[in-house]
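Chain residues, written in single-letter form:
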Amino acid sequence: MRSITLAAMLAVATALAATAASAAPGDTYKAKKAACQDRAKGMDFGVHLIKKNRWVKDCVAGKHPA
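Anyway, here's the lowdown on the structure attached to this text. (Residues numbered from 1 in each chain as written. Predicted model: local features only at pLDDT ≥ 70, side-chain atom pairs only at ≥ 80, totals over all residues. Heavy atoms only, no water.)

1. Let's talk about the packing of aromatic side chains
Here the structure, examined in full by the defined rule, presents one aromatic pair. Both rings, one in Phe45 and one in Trp55, keep their centres 6.5 Å apart while their planes meet at 55°; by these two values the pair is tilted. Of this pair, Phe45 sits in the loop between helix H1 (2–41) and helix H2 (49–61) while Trp55 sits in helix H2, placing them 10 residues apart in sequence. For the pair formed by Phe45 and Trp55, the shared burial category is buried. (Phe/Tyr/Trp six-rings, centres within 6.5 Å; stacked < 30°, edge-to-face > 60°. Helix = DSSP H or I, 4+ residues; strand = E, 2+ residues; numbered from the N terminus. Buried < 20%, exposed > 50% of the residue type's maximum accessible area, 1.4 Å probe, protein only.)

2. Notes on the state of the cysteines
Counted by the stated rule, this structure contains one disulfide. Between the sulfur atoms of Cys36 and its disulfide partner Cys59 the distance amounts to 2.1 Å. On the sign convention where negative is left-handed, the bridge of Cys36 and Cys59, at about -70° about the S-S bond, is left-handed. Of this pair, Cys36 sits in helix H1 while Cys59 is found in helix H2, placing the two residues 23 residues apart along the sequence. (Disulfide = S-S within 2.5 Å.)

Laid out in structure tokens, this is it:
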């Protein structure tokens, strides 16, 4: 009985580790997008929200280096 519970615990731990590893790229994207949005706040886009959103998207893609 103990070996079954130990095996189940290892399976759950492995699944959680895989989930955590796959979540890391999303966290990187969110951090980069937040940084680009902060940079865009300092620029003068006025009422041109589409232009601002396009700039943020390009910044995240790497077209506007820091």
